[in-house]
Amino acid sequence: MTQPFLAVLKPHTSDIGAFTVQRSLPGMPFKTVGPFIFFDHMGPATLSAGQGMDVRPHPHIGLATVTYLFEGEIMHRDSLGSEQRIRPGDVNWMTAGRGIVHSERTPADVRESGGPVHGIQTWVALPRADEQTEPAFSHHPAATLPEIDLPGVRLRVIAGNAYGRQSPVRVFSGTLYVAVEMQAGASFEVPPEHAERGLYVVDGDVTVDARALPPQRLGVLAPGLSVTVTAAPGRAARLMLLGGEPVDGERYIWWNFVSSDRARIEAAKADWQAQRMGQVPGETEWIPLPERR
């Protein structure tokens, strides 16, 4: 039997106070899968009353951020004046381009009562031609995203195209991003239509062509193969399918900045330190430039 994986990536875990984040990308030996250059699994965690997520205003360049929640709510605010609550199943897509500033906090009413937080945040590297595009923000409620129902499996196309369906989210290169919910014992096929593909197990026990893929691991799939994903009997599973066209050349990452040009990152450092990248309305705090990264 052909090995379905080029590699299985183990995440690095960080404690950010209210909950932990597990980062699978960039990893070794794969820094990217398709255009995805960061892949973070937030939680799951339950916040006590009065406790919340508080990511103060911070900048980005050269990428798009994508937020998708399973549980909980986050309030997004940015320097364009956007203010958007994201709920489970919705998609927040923020194009940083030449530069944007945003904050992410637990909404006041949710903070008061406490509750769960669980989701995925990813960064998508923009193609060289679009790295300096104008910043933008879009929100897509869950009901607007295409869903494919297979026996015992539901697939929601978050961004890009999959299984003959196209997400309304604007993307800049060929993209595969799908949320998968599987009933116990169910199976589905992952076709080879995208050049690069990864499969991340959020929870549950699954096999890929009869090879186990443990929970909270990112399996980078071999190109050109159709593979069968099966959930273990007696336990449902949740996964994220991601990938698309490879990134068009080397990308440098420093803190929240991604670019094909090191000089552009140096300029962004100076701009943020001098507070020339914009302000988030209603916010008075901001995260200082790290001394080293």
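Use the structure listed above.
Now for a look at the structure at hand. Since the structure is predicted, the reported quantities are computational estimates derived from the model, not experimental observations. Note on numbering: residues in each chain are counted from 1, in written sequence order. Local features in a predicted model are, by the rule used here, given only for residues with pLDDT of at least 70; side-chain atom pairs are given and counted only at 80 or more, and totals for whole chains, interfaces and linings are based on all residues. Side-chain measures here rest on the full set of heavy atoms in the structure, leaving out hydrogens and waters.

## Things to note about the overall build of the chain
Here a strand is any run of E in DSSP of at least two residues, a helix any run of H or I of at least four, and the numbering for each starts at the N terminus. The secondary structure content of the chain amounts to two helices and 25 strands. When the backbone C-alpha atoms are referred to their principal axes, the chain occupies close to 55 × 45 × 35 Å. Buried, partly exposed and exposed residues are distinguished by accessible area as a fraction of the type maximum, computed with a 1.4 Å probe on protein chains only: under 20%, between the cut-offs, and over 50%, respectively. A buried classification covers 53% of the 293 residues belonging to the chain. For the chain, the share of sequence-separated contacts (at least 6 apart) that also reach a separation of at least 24 residues comes to 72%. Here the positive residues are Lys and Arg and the negative ones are Asp and Glu; neither His nor the chain ends is included. To locate a charge, take atom NZ for lysine, CZ for arginine, CG for aspartate or CD for glutamate. Distance between charge centroids for the chain: 4 Å, based on 27 positive and 32 negative side chains. Between two residues, a contact is recorded if the distance between any of their heavy atoms is within 4.5 Å.

## Here we look at the pattern of salt bridges
Any Lys or Arg side-chain nitrogen located within 4 Å of an Asp or Glu carboxyl oxygen qualifies as a salt bridge. According to the stated counting rule, one finds 19 salt bridges in the structure shown. With a closest N to O distance of 2.9 Å, Glu283 and Arg105 form a salt bridge. Remark: Arg105 occurs in strand β10 (residues 100-105) and Glu283 occurs in the segment after α2 (262-273); sequence separation between them is 178 residues. A single burial state applies to Glu283 and to Arg105, both of which are buried. Taken together, the shared-partner salt bridges connect Asp54, Arg105, Arg111, Glu283 and Glu285 into one network.

## So, α2
In a regular helix each residue adds 1.5 Å, so 12 residues correspond to 16 Å; α2 covers 17 Å between its end C-alpha atoms and thus fits that length. For α2, the complete set of buried residues consists of Arg264, Ile265, Ala268, Lys269 and Trp272. Seen end-on, α2 carries its buried residues on one side only, within an arc spanning 145°. Where the residues of α2 are buried, they touch β5 (54-60), β10, β24 (252-254) and β25 (257-259). Pairs of N or O atoms within 3.5 Å make up the polar contacts considered here, provided that, within protein, one atom can donate a hydrogen while the other can accept it, and that residues adjacent in sequence are counted only when both atoms are side-chain atoms. Capping the start of α2 is the job of one residue whose side-chain oxygen sits 2.9 Å from the backbone nitrogen of Ala263: Asp261. Backbone geometry just after α2 places Gln275 at a positive phi near 55°. One less than the residue count of a helix, multiplied by 1.5 Å, gives the span that helix is expected to have. The directions considered for the arc are those from the helix axis to the C-beta atoms.

## What about the side chain of Arg251?
Secondary-structure assignment places Arg251 in the loop between β23 (237-244) and β24. For Arg251, a relative accessible area of 9% translates into the label buried. For Arg251, the side chain forms a polar contact with the side chain of Asp248, separated by 2.6 Å. Reaching out from Arg251, the side chain makes a polar contact with the backbone oxygen of Gly249 at a distance of 3.3 Å. Leaving out residues up to four positions away in the same chain, Arg251 has contacts with Ile37, Ala125, Leu126, Pro127, Arg128, Glu131, Val258, Ser259 and Ser260.

## Describing the sheet that holds strand β11 (residues 115-125)
Any two strands are treated as partners once DSSP identifies two or more bridges connecting them. Spatially, β2-β3-β4-β11-β6-β9-β12 is the arrangement adopted by the seven strands of the open sheet, whose pairing is antiparallel. The open sheet has two edge strands with one neighbour each: β2 (12-15) and β12 (136-140). Within the sheet, the average angular offset between the axes of one strand and its neighbour, ignoring direction, is 15°. Sheet analysis places strand β3 (residues 20-25) next to strand β4 (residues 36-47), joined by four bridges and oriented antiparallel. If you follow Leu25 over to β4, its bridge partner there is Phe39. Lines fitted to the C-alpha atoms define the axes, with helices restricted to the stretch that makes contact. Angles between their N-to-C directions range from 0 to 180 degrees.

## Describing the nonpolar core
Residues grouped as a nonpolar core are buried Ala, Val, Leu, Ile, Met, Phe, Trp, Tyr and Cys residues, joined through side-chain atoms within 4.5 Å. Leu25, Phe39, Trp93, Ile158, Tyr177, Met240 and Leu242 are the most contacted members of the largest nonpolar core, which has 28 residues in total. Ranked by residue count, the leading element in this core is strand β6 (residues 63-71), at four residues. Among all residues touching Leu25, those that are not within four sequence positions of it are Leu9, Phe30, Lys31, Thr32, Val33, Phe36, Ile37, Phe38, Phe39, Leu218 and Leu242. By size, the runner-up hydrophobic cluster in this structure holds 25 residues, among which are Ala162, Val201, Leu213 and Leu241.

## Quick word on the packing of aromatic side chains
Aromatic pairing here means that ring centres of Phe, Tyr or Trp (its six-membered ring) are within 6.5 Å. Orientation follows from the plane angle: under 30 degrees is stacked, over 60 is edge-to-face, and everything else is tilted. Taken as a whole and judged by the stated rule, the model has eight aromatic pairs. Ring geometry for Tyr68 against Phe70: centres 5.8 Å apart, planes inclined by 80°, an arrangement best described as edge-to-face. Take Tyr68 and Phe70: they sit in the same class, and that class is buried. Their ring planes at 20° and their centres at 6.3 Å tell us that Trp254 and Phe257 sit as a pair that is stacked. When its relative accessible area of 0% is taken as the criterion, Phe257 is described as buried.

## Section: the sheet that holds strand β20 (residues 211-213)
Strand pairing in a sheet relies on backbone hydrogen bonds. The paired strands run either parallel or antiparallel. The strand order across the open sheet built from four strands is β17-β22-β19-β20, with neighbouring strands paired in antiparallel fashion. Both outer strands of the open sheet, β17 (187-190) and β20, are each paired with one neighbouring strand and no more. Averaged over all pairs of adjacent strands, the angle between strand axes in this sheet comes to 30°, irrespective of strand direction. Strand direction decides the pairing type here: strand β19 (residues 206-208) and β20, joined by three bridges, are antiparallel. The residue of β20 that forms the bridge with Thr207 is Ala212.

So far we have only geometry, and geometry alone does not tell us how the molecule works.
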